[in-house]
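These are the residues of each chain, in order.
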Amino acid sequence: MVADRPPFEDLYRAYLGRIYAYVRAQVASSADAEDITAQVFMNAYQAYARFEARNTTPAAWLFRIARNATLDHFRAHGRRERLRRTIEHQPVAEEDPSGVAEERIQYRALLGQVAQLPERQRDAISLRHSGLSFEEVGTLLKCSEDAAKMLYHRAVKALKEAVEKETA
Amino acid sequence: MSEPEDLELEGLQRQLDDAFETTRPRAGFEDELWTRMQARRPAVTRLRDAWMGLLQGIREVPALPLAAVAAVLVVVLGAGVLVFSGLGHGGAGSTAAGRESALQPAPLSAAGAYGRLPSPVLAPRTAGPNSVTAPTADYAGPVALTWTGKLVLNISTAPVFRYQEPSSIDADQFATSLGAILVSRPAGFLGSYQTTDLSVRVRGTIQSPSSEPTFILLPIASVGAIDAAGGPADLALVFLAEHSLAPSWQYTSAAVVSGDVSKVTLLRQFGVTGYGYANLVDGSGEPYGIEVDLKGGLPTGATGPLPLNLDSAPYPIISADEAVRSALASAPAGGAGTGVPTATLTTAELVYTLVVAGDHSFYEPSILFSGTFTVSGTKYVKRVLVPAVDPSQRSS
């Protein structure tokens with residue numbers, strides 16, 4: 001239903017920042033986040049003709065692509081490497097100007113803590129705080145809305161404990 | 001869960017909201033990625049989108065012509081009663097507007113930056129199959145002129161565009177971009193090249209009749225059918241895009257169809273702030289651009305302006321009244337009542353004409369007046385071209 005679909009550029013402009021933030025909370029460097037975000041929108045652009053607005057929201061559709069792209073990234077680069085970086089809390093050498101700029105973002109450390117959570121908890125927090133409803137989070141994580149709420153609340157508690165441990 | 005813990009969790013959630021809200025890619029990433037995405041789109045997709053944009057653009061085309069000025073050059077063209085040589089009868093035309101990139105302005109220099117400009121020299125083109133508008137024949141005798149139209153020109157300056165004459169190296173680079181290799185440098189051409197299925201020739205500017213640097217494509221092997229729906233204009237666009245020759249400038253398209261043979265012309269336009277788009281016309285006042293010949297849906301040849309970098313500079317132009325006076329003054333002395341037919345000019349528009357000037361040549365604004373008259377039962381078109389650049393800025 002072409003009539004149901006806004007121009008792709010509208011989606012792109014509206015969601016680029018949110019998708020980037022979601023990806024950035026998963027990976028260790030802004031460079032990786034840019035690469036994955038680019039891949040997300042390339043894939044989405046190619047697939048947009050098949051997007052059916054009556055079946056899902058644009059946000060859920062884009063975040064599904066983003067989630068898959070992030071998982072692909074981990075598969076390609078090795079989860080072990082990701083774990084090493086996060087455990088060592090060594091968010092990659094970001095000496096490029098873009099990385100330096102992002103270093104200034106005051107909540108970077110918090111996102112670093114999010115990145116260390118188990119995958120589903122990390123996803124629940126990232127998706128929820130990227131603006132998705134619990135229903136959309138549940139759909140993406142293949143669980144009910146209530147289960148998504150529960151998962152999210154557990155994730156926030158786990159994050160709180162991790163932050164406290166870090167600052168202790 | 002205790003109340004203090006609830007409050008702590010709420011505080012953490014607010015921090016998370018802020019963290020996600022303030023995490024954004026570096027400045028410039030958004031536009032950079034969008035550009036990359038556009039560049040990676042298949043040519044057919046880009047053309048389809050461009051075509052949709054063009055169709056939409058038809059509804060937004062600015063109201064027609066207006067404009068004005070001094071010295072005068074005249075051409076009388078007969079729009080006789082129409083026998084169309086070459087492609088025969090039954091042409092079909094269409095118009096469409098151009099691509100996004102066509103709206104990119106040329107690099108702008110200071111006003112009058114090119115000094116005094118040479119004036120256009122008219123050299124009526126012999127009508128023939130190349131024409132996509134009315135077939136024409138010259139009317140040899142003198143014609144008196146009257147003006148009944150309305151010329152509104154709300155601009156006092158218009159850009160003059162300039163290009164540098166390309167070298168054989170430029171021609172080689174163009175051919176390389178098509179995947180063609182140099183075969184020879186025949187007289188009159190910058191180079192002759194070949195791909196596996198195309199013969200490509202490139203020539204420089206021609207003084208008379210004036211013509212800008214041009215490419216000529218001729219298939220030397222059977223070119224496969226073009227995978228595109230639509231009419232000849234769509235096929236022509238896809239063919240050009242497949243060879244990276246889709247125009248980067250604004251255009252309207254016109255097609256002449258006769259049986260399974262068609263000629264599509266993408267008529268070049270120049271953007272003028274405060275006016276809209278002005279056609280590029282040849283010395284006879286005919287709009288022109290890239291031409292693609294098709295037979296049975298397969299391209300049999302294409303020719304058009306060599307892609308060149310243009311820079312531009314604004315120049316003062318004459319007023320509408322001055323333009324009308326100049327147009328009427330171009331008629332021979334004596335006027336009507338002496339057996340000389342009288343042509344009534346009814347329309348006028350801002351156009352651009354090529355002015356050849358050595359190492360650098362110009363696209364200069366002019367006012368094209370048009371009207372009709374009848375002699376011995378035959379209806380003719382009269383066109384008068386008035387250079388629009390103020391006489392103080394012209395060298396001739």
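Residues numbered from 1 in each chain as written. Chains lettered and ligands numbered in written order. Predicted model: local features only at pLDDT ≥ 70, side-chain atom pairs only at ≥ 80, totals over all residues. Heavy atoms only, no water.

**With respect to the overall build of chain B**
To keep it simple, the criterion reads: To qualify as a helix, a DSSP run of H or I must reach at least 4 residues; to qualify as a strand, a run of E must reach at least 2; elements of each kind are numbered from the N terminus. Buried residues are those whose accessible area, probed at 1.4 Å on protein chains only, stays under 20% of the maximum for their type, while exposed residues exceed 50% and partly exposed ones sit between those limits. Contacts are residue-level and defined by heavy atoms, with any inter-residue pair within 4.5 Å sufficient. The Shrake-Rupley method, run with a 1.4 Å probe, gives the accessible areas here. Residue values count only the displayed protein chains as cover.
On a plain count of helices and strands, chain B comes out with six helices and 17 strands. Out of the 396 residues in chain B, the part that is buried amounts to 49%. Restricting to contacts in chain B with at least 6 residues of sequence separation, those with at least 24 account for 72%. Surface summary for chain B: the accessible area is close to 18000 Å², and the carbon and sulfur share equals 54%.

**Some words on the overall build of chain A**
Within chain A, the regular secondary structure consists of nine helices and zero strands. Listing the helices and strands of chain A from first to last along the sequence gives α-α-α-α-α-α-α-α-α. Burial analysis of chain A (168 residues in total) assigns 50% to the buried set. Of the contacts made within chain A by residues no fewer than 6 positions apart, 67% connect residues no fewer than 24 positions apart.

**A short note on unusual backbone geometry**
The omega torsion across Ser208(B) and Pro209(B) is -10°, close enough to zero to call that bond cis. Take Pro209(B): it is sitting in the loop between β7 (198–203) and β8 (214–219).

**Description of the pairing of strand β9 (residues 250–258) of chain B**
Basically, it comes down to this: Strand pairing is assigned whenever DSSP detects at least two bridges linking the two strands.
Most of β9(B) sits inside the fold, with seven of its nine residues counted as buried. What sits between the antiparallel neighbours β9(B) and strand β10 (residues 261–272) of chain B is a turn of two residues, in which Gly259(B) has the positive phi angle 60°.

**Observations concerning the environment of Gln250(B)**
Note that Gln250(B) resides in strand β9. Taking the C-alpha atoms as reference points, Gln250(B) and Gln269(B), separated by 19 residues in sequence, lie 5.3 Å from one another.

**What about helix α9 (residues 145–167) of chain A?**
This is how the line gets drawn: To estimate the expected span of a helix, subtract one from its residue number and multiply by 1.5 Å.
Taking 1.5 Å per residue, 23 residues should reach 33 Å; α9(A) reaches 33 Å between its end C-alpha atoms and fits that length. For α9(A), the complete set of buried residues consists of Ala148(A), Leu151(A), Tyr152(A), Ala155(A), Val156(A), Leu159(A) and Lys160(A). Buried residues belonging to α9(A) abut α6 (108–115), α7 (119–129) and α8 (134–140) of chain A together with α1 (3–22) of chain B.

**Overview of the packing of aromatic side chains**
Note the following rule: Under the pairing criterion, centres of Phe, Tyr and Trp rings, with the six-membered ring standing for Trp, must be within 6.5 Å; the plane angle then separates stacked pairs below 30 degrees from edge-to-face pairs above 60, leaving the rest tilted. Criterion for a charge above a ring: Arg CZ or Lys NZ at most 6 Å from the ring centre, at most 35 degrees from the ring normal.
Enumeration according to the criterion identifies 22 aromatic pairs over all chains in this entry. Ring centres of Tyr12(A) and Phe41(A) lie 5.1 Å apart, and the angle between their planes is 85°; on these two criteria the pair is classed as edge-to-face. Of this pair, Tyr12(A) sits in helix α1 (residues 8–24) while Phe41(A) sits in helix α2 (residues 30–47), placing them 29 residues apart in sequence. Judged by its relative accessible area of 0%, Tyr12(A) is buried. Aromatic rings pair up to connect Phe8(A), Tyr12(A), Phe41(A), Tyr45(A), Tyr48(A), Phe51(A), Trp61(A) and Trp34(B) into one cluster. Taking the ring centre of Phe189(B) as reference, the NZ or CZ of Arg201(B) above it sits at 4.9 Å.

**Brief notes about the pattern of salt bridges**
Under the convention used in this document: Counted as salt bridges are all cases of a side-chain nitrogen of Lys or Arg within 4 Å of a carboxyl oxygen of Asp or Glu.
Counting across every chain of the model gives 16 salt bridges over all chains. For Glu119(A), the salt bridge identified is with Arg67(A), shortest N-O distance 4.0 Å. On the criterion of sequence distance, the pair formed by Glu119(A) in helix α7 and Arg67(A) in helix α3 (residues 58–77) is long-range, its members being 52 residues apart. Taking the relative accessible area as the measure of exposure, Arg67(A) reaches 12% and is therefore buried. Across the salt bridge formed by Arg162(B) and Asp311(B), the nearest N and O atoms sit 3.2 Å from each other. On the criterion of sequence distance, the pair formed by Arg162(B) in strand β4 (residues 157–164) and Asp311(B) in strand β14 (residues 311–316) is long-range, its members being 149 residues apart.

**Observations concerning the interface of chain B and chain A**
Applied cut-off: In short, buried area is how much 1.4 Å probe accessible area vanishes from two parts on joining, totalled over both. We call two N or O atoms a polar contact when they sit within 3.5 Å, provided that within protein one can donate a hydrogen and the other can accept it, with sequence-adjacent residues counted only if both atoms are side-chain atoms. Think of it as three bins: nonpolar holds Ala, Val, Leu, Ile, Met, Phe, Trp, Tyr, Cys and Pro, charged holds Asp, Glu, Lys and Arg, and polar takes everything else, Gly as well.
Counting residues at the interface gives 27 residues for chain B and 36 residues for chain A. Each partner contributes to the roughly 3000 Å² buried at the junction of chain B and chain A, and carbon and sulfur atoms together form 72% of this total. Counting every contact that joins chain B to chain A gives four salt bridges. Note that Arg13(A) and Glu30(B) form a salt bridge whose closest N and O atoms lie 3.0 Å from each other. Counting across the chain B and chain A interface gives nine residue pairs in polar contact (both at pLDDT 80 or more). When contributions to the side of chain B that touches chain A are tallied by element, the ones reaching two or more residues are α1 and α2 (29–40) of chain B. Here the residues of the side of chain B that touches chain A sort into 11 nonpolar, five polar and 11 charged.

**Considerations on the confidence of the model for chain B**
Residues and elements named next belong to chain B. For the record, the criterion: For every residue, the predictor states its confidence as a pLDDT score lying anywhere from 0 to 100.
Mean pLDDT over chain B: 76, with 72% of residues reaching 70 or higher. Every residue in residues 53–105 scores below 50 in pLDDT, and together they form 167 contacts with partners more than four places removed in sequence or on other chains. Below pLDDT 50 for its whole length, residues 125–135 participates in 30 contacts with residues either more than four positions away or in separate chains.

**Side note on the environment of Ala323(B)**
Position of Ala323(B) among the secondary structure elements: in helix α6 (residues 320–329). As for Ala323(B) and Ala348(B), which are separated by 25 residues in sequence, their C-alpha atoms are 9.5 Å apart.

**Things to note about the nonpolar core**
Convention followed: Side-chain atoms within 4.5 Å link the members of a nonpolar core, which is a set of buried Ala, Val, Leu, Ile, Met, Phe, Trp, Tyr and Cys residues. As annotated, the domain borders come from an automatic or database domain assignment.
Grouped together as the largest cluster of nonpolar side chains are 59 residues, with contacts concentrated most on Phe41(A) and Ile125(A). When residues of this core are assigned to domains, at least three fall in each of domain 1 (1–89) and domain 2 (91–168) of chain A. Dropping the residues within four chain positions of it, Phe41(A) is found in contact with Phe8(A), Tyr12(A), Tyr15(A), Leu16(A), Ile19(A), Leu62(A), Leu33(B) and Met37(B).

**A few points about the confidence of the model for chain A**
Residue and element names in this part refer to chain A. The pLDDT averaged across chain A works out to 80; a share of 80% of its residues lies at or above 70. Ranking the helices and strands of chain A by mean pLDDT puts α7 first, with 92, and helix α5 (residues 97–103) last, with 44. Taken together, the stretch residues 84–104 has pLDDT below 50 and engages in 35 contacts with residues farther than four places along the chain or on a different chain.

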